[in-house]
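Below are the chains, spelled out letter by letter.
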Amino acid sequence: MAMKPTKKKRLTWLPQDIIELILVRLPVSNLLRCRVVCKQWDGIIRDPQFTMAHLRRARHRPLLFFQRGRASGKSFPSEAVLFDEAWSPSTRDVPVIDPDDFLCASCNGLVCLYSSNSTIKIANLATGESMHLAKPVKYAPQDQSSFYSFGFSPATNEYKIVHFLPGQKLHPAGASFSVIQVYTLGDDKWRDIRTLEVVSLYCVKQSGVVNVDGAMYWLTHDEESNWRRAVISFDLRDECLELIRLPEVDFADPAFANPFCYWITEIDSKVSVAAVQARRDSLLARKLHIWTLDNKVEKSWTQKYSIELPALSVLGPHFIYGDKIIMHSRNGGIYCHELTSQRFTIDATKLVKLLDFSPRSYENTQSYMCVKSLVRLDAYKKAGMVRTRKRKEGWKLKKWEAWEHERSEVEELWRAGHGIQQRMHELARMMGVAISLNLPAPPDQQDSPLRRLNWVEQRRVANMLKSHLEGLDAPWAVIAQAADAACGEKKKMTLAADHAKRKGEESEAGPSRPKRKRKPSSRFDSSTWTT
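Report on the accompanying structure. Predicted, not measured: the structure shown is a model, and the values here were computed from it.

What follows concerns the sheet that holds strand 13 (residues 209–212). Strand order in the open sheet formed by four strands is 13-14-15-16, with antiparallel pairing between adjacent strands. Edge positions in the sheet fall to strand 13 and strand 16 (241–245), since each of these pairs with one other strand and no more. Averaged over all neighbouring strand pairs, the angle between strand axes comes to 30°, with direction disregarded. Of the strand pairs in this sheet, strand 13 and strand 14 (residues 215–221) are connected by four bridges, and their pairing is antiparallel. When the bridges of strand 14 are listed, N211 appears paired with M216.

With that settled, the discussion passes to the packing of aromatic side chains. Throughout the structure, instances matching the rule amount to 13 aromatic pairs. With a centroid separation of 6.3 Å and an interplanar angle of 55°, the aromatic rings of F177 and W218 are classed as tilted. Here F177, found in strand 11 (residues 176–184), pairs with W218, found in strand 14; they are 41 residues apart in sequence, far enough to count as distant. Of the two residues examined, F177 and W218, each falls in the buried class. An aromatic cluster of three or more residues is present, and its members are F66, F76, F357 and W455. The ring of W455 is capped by R360, whose NZ or CZ atom sits 4.5 Å from the centre of that ring.

Let's shift gears to the layout of surface pockets. By volume, the largest pocket is sized at about 1300 Å³. What lines the largest pocket is a set of 35 residues, among which P27, V28, S29, A126 and K372 lie closest to the centre. Put simply, the parts of the chain that give the lining of the largest pocket at least two residues each are helix 3 (28–34), helix 5 (48–57) and strand 1 (61–66). When residues of the lining of the largest pocket are assigned to their parent elements, the largest contribution, four residues, is made by helix 3. A breakdown of the residues in the lining of the largest pocket according to their chemical character gives 16 nonpolar, eight polar and 11 charged.

Definitions and cut-offs
- Residues numbered from 1 in each chain as written.
- Predicted model: local features only at pLDDT ≥ 70, side-chain atom pairs only at ≥ 80, totals over all residues.
- Heavy atoms only, no water.
- Pairing = 2+ DSSP bridges.
- Helix = DSSP H or I, 4+ residues; strand = E, 2+ residues; numbered from the N terminus.
- Axes fitted to C-alpha atoms, helices over the stretch in contact; angles between N-to-C directions.
- Phe/Tyr/Trp six-rings, centres within 6.5 Å; stacked < 30°, edge-to-face > 60°.
- Buried < 20%, exposed > 50% of the residue type's maximum accessible area, 1.4 Å probe, protein only.
- Lys NZ or Arg CZ within 6 Å of the ring centre and 35° of its normal.
- 1 Å grid on protein atoms, 1.4 Å probe; cavity = no way out; pocket = protein on both sides within 12 Å on 5 of 7 lines; lining within 4 Å.
- Points joined across faces, edges and corners; volume = space filled by probe spheres on them.
- Nonpolar A, V, L, I, M, F, W, Y, C, P; charged D, E, K, R; others polar.

Shown next as structure tokens:
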């Protein structure tokens, strides 16, 4: 008889293509754990072809980025909130994002982060891998995160950072640039590419940059169009520029003014341009027009949506995810609404609130497409542009000590509050009474000991603890009343036990004999006394 295979050898019996088909369907968090199962699985997961196959299957989710700033007399750090497939926000911060970082772009699970120091950071949100790259030697003192973007070229399998170098010449619309600086991950230097004419930097700053199918797109000023805008395409393979004019659209509407805000975005893997009109009788009510570039060669456009927004605004640069649109209100709420048809009005009763970002400003809030991937950076870390991170930066800076203390204090109070709740439940069970306390257990520190609560979750937990503390009076009263009743009953039982004990002692000694009356002795009889 043939010997039965042991458990250790059964895994090798599966063909590798079957193992790959199974693994490619797992999320990144599970795949990172699967790497330690065996060398075969580790090799499969590390293979660049597997990484791209897994990336093609991954679904894009919203990533909300909140830039650092001051609000209500308090400093807030830069933080990101990611949403899962159920549209639930993350509760922990993203370790690769430091409190002074600004998000420039997101591509294939990698993010490009800008800070005031001399480096640009590329990081993988899912794996936590990151590297710092030297900024270009030529950059203006007024340099900022909106002048950078990051993208991927499928034709050359290269990741590139693009920097719009502010120029001295002014564009009719304001600031301008005539040089684009490009860095390819793995190279040793930045390269300068001159544009054919001066391009509006103001439009780039206001409308953003989007990376679609190996090219970057942004808006520039165009007086000949009724949009007053045109699209510029920058091919990442050939590194050449092309002007794409927008379709002729009649924005004339007696109820709405001319467009005042423009976005360039991506919808269903296509470049799209959005224009916002304000209602004349109410500046808060707006109409959103979205057009999609169907064919880049023929430069043909199709209207995708026409949406009326009552007192809501979209979050850029990405605000449409599948069948939903993301918006914000001025009171600090972020909502999503289903895209019901090509032309419709947002129904306030069908809005789903995702989170509350007050007291932060909506002007410092951005929405990006994000995907969790296995893209690795170790192949690029030997380039001459890679820099070592400074020892003291990020959360280690003194200005963030108070924020860190407050966050750790909230987590400690949560653990302490949950411990008090457990002891109260134990007391209630001992007293034989029922109480209602539902403070959820804090996350296990062993699962993520280095990951802090993000500020959205921190505020939610603080409000939850406050509500929990206010609700302790009634359960304490029930427990105290039961304790008083138990003490009174115990006292009665103790007295009864003492009485019974005395009765028992008397019964054990037998019946008591009556005491005889003692007669006085005759010697002392008064009748025998003589004088």
